[in-house]
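Observations on chain architecture
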Amino acid sequence: MSERKVRVAIVGLGFGAEFIPIYQHHPDAEMVAVCRRDEAGVNACADKFNIAKRYTRYEDVLNDPDIDAVHINSPIPDHGPQTIAALNAGKHVACTVPMATEKSQIEEIVKLQRATGLVYMMMETVVYAREYLFAKGMYDRGELGRIQFLRGSHQQDMDGWPNYWPGLPPMWYATHCVSPCLGILSTPGKPALASSVVCHGSGRIREELIPKYGSPFAVQSATFKIHGSDVVAEVTRSLFDTARQYRESFDVTASDVSFEWQQLEGEEPVLHTRGLQEAKIPRRVPVPDYADRLPEPIRKFTGAIHDATHLSFVQGGGHGGSHPHLAHNFLMAVLGKQPAFPDAPTSANYTLVGLCAHESATAGGTRVEIPQY
Ligand SMILES: NC(=O)c1ccc[n+]([C@@H]2O[C@H](COP(=O)([O-])OP(=O)(O)OC[C@H]3O[C@@H](n4cnc5c(N)ncnc54)[C@H](O)[C@@H]3O)[C@@H](O)[C@H]2O)c1
């Protein structure tokens, strides 16, 4: 495989379409096919990006021997079954978050990935966002000192979004706030993993939103323990009937310097330095885009441009400039040049924190042990 380019198909062309020009510009990728169910939609997208192969049936993508890897960006309930089918068909898989919505699917994906040796990577944007990379770099260089506590939040109003969203338990889509808390404590080859979780549900969404998933909670707040660490992390999620500007945040409380994500979009994060001198009062810090970690042709896709609603991002600039980093890491993993991050067992843990948190909230806040792989 390392001799030639990775031939990629993208499945799901809403958010998924943002990755097309990145693969087209990457020196080790060939953007060979796109797939969505609607024929007019798939043709419009393929025409725009000049892609020859267009599919409306996912099975046909999997049966195409010219495709090495699928990048799945379909609706949330499809992620698990589509990943399982792709691994069974011998394709490498990149899949947007979350990994799946059922524990049994997650277990099957991990087993299949191990049995086949194929690459699986959950395309978690936050662990490649510039703010996360900045905090991670400071921690790895010893500049933060000892981490004492971690906090993530992901608040988003999903009213008006496609039909699989209304009533979705917030913690079923918790990877954006869970993953940075675990990622920062990880070292190469040794991911930090959550062991157990306690979660409370708070408030109540509109009655008509509740029946689909049987989840009444407006907000879910979880604390989880981490294997081999005395640090506890707290994460907060909301999806409906909660007034808050879109926010995916990550705070690190540490002994020497603490990092706090900006309060509002467009601001810079804040560093708090321990000490008494006036020079050590909190200060805002600009964060770099880390484009130098990428092949030159895709560096431009880290640009921080998004529209005023924060709902639709200009290609490549969204989610903290993470998209080209994700595509690059996935391609390097398929070529055997570096491991996928997060890989299958790590993605399982990140996703299971949320699924187990919802179980805990439904049971009134009991501790739930997280299955380990
Ligand atoms: N920061 C992030 O990581 C991030 C951001 C946005 C969206 N997402 C994820 O991306 C996914 C898609 O989000 P979206 O807003 O584009 O959703 P969407 O519903 O607008 O688009 C889904 C796409 O999948 C296609 N599709 C549906 N079923 C399919 C099937 N069986 N086979 C092939 N294609 C199929 C649809 O035609 C459509 O193109 C969601 O899972 C969402 O959670 C992640």
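From a predicted model like this one, the values you see are computed outputs, not experimental measurements.

1. Let's talk about the packing of helix H7 (residues 175-183) against helix H10 (residues 344-362)
- At a closest axis distance of 9 Å, the pairing of H7 and H10 adopts a crossing angle of 125 degrees. Judged on the interaxial angle alone, H10 and H7 are oblique. When the axes of H7 and H10 are compared, the crossing they make is right-handed. In contact with Thr175, Val178, Ser179 and Leu182 of H7, H10 contributes Tyr350, Thr351, Val353 and Gly354.
- Its residues assigned to classes, the contact of H7 with H10 comprises 4 nonpolar, 4 polar and no charged.

2. Observations concerning helix H5 (residues 103-116)
- In this model, H5 (14 residues) spans 20 Å end to end at C-alpha, consistent with the 20 Å of a helix rising 1.5 Å per residue.
- For H5, the set of buried residues is Ile106, Ile109, Val110 and Gln113. The buried residues of H5 occupy an angular sector of 95 degrees when projected down its axis, which confines them to one face. Turned more than 90 degrees off the buried face of H5, the exposed positions are Ser104 and Ala115.

3. A look at the pairing of strand S8 (residues 194-202)
- Relative to strand S9 (residues 219-226), S8 runs antiparallel, the two being bridged by 8 bridges. Within S9, the position partnered with serine 202 by the bridge is valine 219.
- One ladder, built from 2 bridges, connects S8 with strand S15 (residues 368-369); its direction is antiparallel. For serine 196, the partnering residue across the bridge sits in S15 and is glutamate 369.

4. Quick word on helix H4 (residues 79-88)
- Those residues of H4 that sit buried are His79, Gly80, Gln82, Thr83, Ala86 and Leu87.
- Each element contacted by the buried residues of H4 is listed here: strand S1 (6-11), helix H3 (58-62), strand S4 (69-72), strand S5 (92-95), H5 and strand S6 (120-122).
- Looking one or two residues beyond H4, the residue adopting positive phi is glycine 90, at roughly 85 degrees.

5. Some words on the sheet that holds S1
- Reading across the sheet, the 6 strands line up as S3-S2-S1-S4-S5-S6 and stay open at both edges, with parallel pairing between neighbours. The strands lining the two open edges of the sheet, one partner per strand, are strand S3 (53-55) and S6. On average, adjacent strands in this sheet sit at an angle of 20 degrees to one another, irrespective of strand direction.
- In terms of strand pairing, S1 meets S4 through 4 bridges, oriented parallel. In the strand pairing of S4, valine 8 is matched with alanine 69.

Cut-offs applied
- Residues numbered from 1 in each chain as written.
- Predicted model: local features only at pLDDT ≥ 70, side-chain atom pairs only at ≥ 80, totals over all residues.
- Axes fitted to C-alpha atoms, helices over the stretch in contact; angles between N-to-C directions.
- Helix = DSSP H or I, 4+ residues; strand = E, 2+ residues; numbered from the N terminus.
- Parallel < 35°, antiparallel > 145°, perpendicular 65-115°, else oblique.
- Left-handed = near helix turned anticlockwise from the far one by under 90°.
- Contact = placed C-beta atoms within 7 Å.
- Nonpolar A, V, L, I, M, F, W, Y, C, P; charged D, E, K, R; others polar.
- Expected span 1.5 Å × (residues − 1).
- Buried ≥ 20, exposed ≤ 12 C-beta atoms within 10 Å, placed from the backbone.
- Arc of directions from axis to C-beta.
- Pairing = 2+ DSSP bridges.

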